[in-house]
There are 2 protein chains.
Amino acid sequence: MNRKLGRASIKLERPVYILNSASVVGTKENEGPLGLLFDKAGKDDMFGCKTWEEAESTLQKEAVGLALDKAGLAPEDISFLFAGDLLGQSIATSFGVSAYGIPLLGMYGACSTCGEALALGAMSIAGGFADKVVCTTSSHFASAEKEFRFPLDYGNQRPLSACWTVTGSGAFVLGQDMFCSSGKARAQITGMTLGKIVDYGLKDSMNMGACMAPAAASTLEQHFTDFADKPEDFDKIITGDLGKVGQRVLIDLLRERGFDISEQHMDCGMEIYDGQTQDTHAGGSGCGCSAVTLSAFILKQLQEGSWKKVLFMPTGALLSKTSFNEGMSVPGIAHAVVIEAVS
Amino acid sequence: MNRKLGRASIKLERPVYILNSASVVGTKENEGPLGLLFDKAGKDDMFGCKTWEEAESTLQKEAVGLALDKAGLAPEDISFLFAGDLLGQSIATSFGVSAYGIPLLGMYGACSTCGEALALGAMSIAGGFADKVVCTTSSHFASAEKEFRFPLDYGNQRPLSACWTVTGSGAFVLGQDMFCSSGKARAQITGMTLGKIVDYGLKDSMNMGACMAPAAASTLEQHFTDFADKPEDFDKIITGDLGKVGQRVLIDLLRERGFDISEQHMDCGMEIYDGQTQDTHAGGSGCGCSAVTLSAFILKQLQEGSWKKVLFMPTGALLSKTSFNEGMSVPGIAHAVVIEAVS
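The shown structure was predicted, so the numbers you read here are calculated from the model rather than taken from an experiment.

Enquirer: Where do I start with the interface of chain B and chain A in this structure?
Expert: The accessible area lost on association of the parts is a frequent measure of interface size. Across the contact, 62 residues belong to chain B and 62 residues belong to chain A. In terms of surface lost to chain A, no three residues of chain B exceed B:Gln89, B:Phe95 and B:Phe129, which account for 17% of the buried area on that side. The tally of links from chain B across to chain A stands at two salt bridges. With its nearest N and O atoms 3.1 Å apart, the salt bridge here joins A:Lys146 to B:Glu326. Inspection of the region where chain B meets chain A yields 24 residue pairs in polar contact (both at pLDDT 80 or more). The element best represented in the side of chain B that touches chain A is helix α4 (residues 113–126) of chain B, accounting for five residues. For the side of chain B that touches chain A, the residue count by class is 32 nonpolar, 19 polar and eleven charged.

What follows is the structure in structure tokens.
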């Protein structure tokens, strides 16, 4: 039996396999430290489209298509698609994945959506409701700046605490069998801890790392409690896009609660760009940041045996331009997924 | 075993019970034909708040609180919350439900979200991942007009094909046992058909019924195929907010495909207002429309034995003001949930 564990966690009776995955990124990500690992990069960030939003939809469409190709599967083999993005009414998703004709479950958890989609996707398989599903998320620097902050044409300055939204989309094919036509699965999902909203009252949308770190700390503490495990049980504890500022807050908050994750912690946003030369300030962010890093880098480490077990925990900042301009705070949320190497 | 059925459906091995539910609405809904059935109505549509968005959050907060009270449960008894709304980045949800501290799965399926949330909520219980969950959605006339069309202050005219967004929120407590401290469950969920995006290329955001009807037809046809059932097997086949125009399109589309649902079809948007006297044109719409009608009216019919089995299928129009202004079409999506009386 699948098992609810403690307040907010689930231990899967049988693992759910990440059969294959794909990552598609923009030019800046391609020039960054992980550049060589991504499956595909655009020649420019328009991806042949007329608007930033269409470009983001194209990212998602290509990532899903590529993941299916790599897994040797067709859209008809996929029961459900769990997908989301950062734009209002998730339009990058709506116009990105519709051509596949796969029944769609739209998700919104800001930048935590990749964790939410993987968790629900894995649950749908582990519960016997689906044989194979695809989970995908995307973000695009230009569509996100327009959606959350200022049009790019304003050329506004960004404080050092700001993150740079990743232009990219990652897609993951999950299945119940360890093998598919493309061979052995890349990794396996064995459990998850679902996060609640945590609001410390911070209001600075240019410092989302600090806004999200309390939620990351909450989900991590809950995970350690529910699973009765500890930081040392993981090769890496991976957040989505806390960046440099958020990382410090997270490590401090957890130390106060008796957990030292300074050895294990890694942040996708801090891996994807070279902060020194790429002018990205605190790090990368966005729904696509954790997704492409998982597909291109984290799963590679698990597949090659460098790591055995990681906790993958994308973090989301729950704001809109309306809530921000109406003076509301920026609450956070984080969903954690336990991903292990396939032995 | 739970069973994937056909292309897009699920038959639950054991039913999931709707233990209790609640509906909170605005003044116009309270004055409509279902007015006496709702649990609570605001004195005005601000609900004591300073902004429309906060008012919508309050709707959701009160609906969840009331549903828990009616079920005799506390937030700690609830494993997960499946919730969503229509606003960009789902801020009505973020600021509505955070106080409960329940792990949150944010959904976005436009006005189909109530179906999506009930489907995934029921799956999380049927899969053994949760004991009890809450599903909630909301919409607010004023926050939706501002988000999708024009600020109210413009006083713009609305064509007769336009719908009126319902100010309201419905919340549903799902559980695996037929009884809870408040007594026998209101109804049971026994299966679902999850929809794909259907895009006929329509671009009129003032005629969302026509935009969504093809998706409703697609999900319904899929349901009849997957379950090998027919319109006569249901007392009612209930769409969320197609309105008068969408209803005609849906019935015509299905007739072409060999199904006559004209006897069974009911649309929540056509029940909630009196089109003659309330100036609402084609009918009600929004994430809250199907949710409050389900809680106040549909579940009542099932509980009282007037109906035995219904197909509840909220319909969503996947547009944003950005996609609309960039000339994109308005695709639709619909998720269907089989709800039966508890015998």
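Enquirer: Looking at this structure, how should I read the packing of aromatic side chains?
Expert: Each pair of aromatic rings is reported with the distance of its centres and the angle of its planes. Residues and elements named next belong to chain A. Within the structure shown, the criterion is met by eight aromatic pairs over all chains. Judged by centre distance (4.0 Å) and plane angle (0 degrees), the rings of Phe 141 and Trp 164 are stacked. Taken as a pair, Phe 141 in helix α5 (residues 141–148) and Trp 164 in strand β7 (residues 163–165) lie far apart in primary sequence, 23 residues in all. Residue class for Phe 141 comes out buried when judged on its relative accessible area of 13%. Residue class for Trp 164 comes out buried when judged on its relative accessible area of 15%.

Enquirer: Looking at this structure, I do not really get the relation of the copies chain B and chain A. What am I missing?
Expert: In this arrangement, two copies of a chain are superimposed by a rotation about an axis accompanied by a shift along the axis. Once turned by 180 degrees and shifted 0.0 Å along the axis, chain B lies on chain A with an RMSD of 0.0 Å. Such a combination of rotation and displacement between the chain copies is what one expects of a two-fold axis.

Enquirer: It is not clear to me how unusual backbone geometry should be interpreted in this structure. Could you clarify?
Expert: Excluding glycine, residues mostly carry a negative phi; peptide bonds, for their part, are mostly trans. Of note in the backbone geometry, A:His281 takes a positive phi value of approximately 60 degrees without being a glycine. Looking at the element boundaries, A:His281 is found in the loop between α9 (275–278) and β14 (283–285). Overall, A:His281 belongs to the buried group, its relative accessible area being 16%. In the Ramachandran plot, B:Ala110 falls in the positive-phi region, its phi being about 50 degrees despite a non-glycine side chain. As for its placement among the helices and strands, B:Ala110 is situated in the loop between β5 (104–106) and α4.

Enquirer: What's the story with the layout of surface pockets in this structure? I'm lost.
Expert: A volume near 550 Å³ is recorded for the largest pocket. Lining the largest pocket are 26 residues, and of these A:Asn2, A:Ala126, A:Gly127, B:Asn2 and B:Gly127 sit closest to its centre. Broken down by secondary-structure element, the contributors of at least two residues to the lining of the largest pocket are β2 (9–25) and α4 (113–126) of chain A together with β2 (9–25) and α4 of chain B. Its residues placed into classes, the lining of the largest pocket shows twelve nonpolar, eight polar and six charged.

Enquirer: Help me understand the environment of B:Leu120, please; the structure alone is not making it clear to me.
Expert: Topologically, B:Leu120 is positioned in helix α4. Overall, the relative accessible area of 3% leaves B:Leu120 in the buried class. Each C-alpha atom, one on B:Leu120 and one on B:Phe82, is 7.7 Å from the other, the two residues being 38 residues apart in sequence. Here B:Leu120 is in contact with A:Phe82, A:Leu105, A:Met107, A:Leu120, B:Phe82 and B:Met107, once residues within four sequence places are set aside.

Enquirer: Explain the nonpolar core to me, please; I cannot follow it from the model alone.
Expert: One recurring pattern in soluble globular proteins: nonpolar side chains tend to sit buried together. Membership of the largest hydrophobic core comes to 126 residues, with the highest contact counts inside it found for A:Val173, A:Leu220, A:Leu250, B:Val173, B:Leu220 and B:Leu250. Those residues within four positions of B:Val173 in sequence are excluded, and the remaining contacts are B:Tyr17, B:Ile18, B:Leu19, B:Asn20, B:Ala67, B:Leu68, B:Ala71, B:Leu73, B:Ile78, B:Val133 and B:Val134. Counting 104 residues, the second-largest nonpolar core is a separate cluster that includes A:Leu12, A:Val133, B:Phe38 and B:Phe141.

The rules behind the values
Residues numbered from 1 in each chain as written. Chains lettered and ligands numbered in written order. Predicted model: local features only at pLDDT ≥ 70, side-chain atom pairs only at ≥ 80, totals over all residues. Heavy atoms only, no water. Contact = heavy atoms within 4.5 Å. Buried area = accessible area lost by both parts, 1.4 Å probe. Salt bridge = Lys/Arg side-chain N within 4 Å of Asp/Glu carboxyl O. Polar contact = N/O pair within 3.5 Å; in protein donor to acceptor, adjacent residues only side chain to side chain. Helix = DSSP H or I, 4+ residues; strand = E, 2+ residues; numbered from the N terminus. Nonpolar A, V, L, I, M, F, W, Y, C, P; charged D, E, K, R; others polar. Phe/Tyr/Trp six-rings, centres within 6.5 Å; stacked < 30°, edge-to-face > 60°. Buried < 20%, exposed > 50% of the residue type's maximum accessible area, 1.4 Å probe, protein only. Least-squares fit on C-alpha atoms with pLDDT ≥ 70 in both. 1 Å grid on protein atoms, 1.4 Å probe; cavity = no way out; pocket = protein on both sides within 12 Å on 5 of 7 lines; lining within 4 Å. Points joined across faces, edges and corners; volume = space filled by probe spheres on them. Core = buried A, V, L, I, M, F, W, Y, C linked by side-chain atoms within 4.5 Å.

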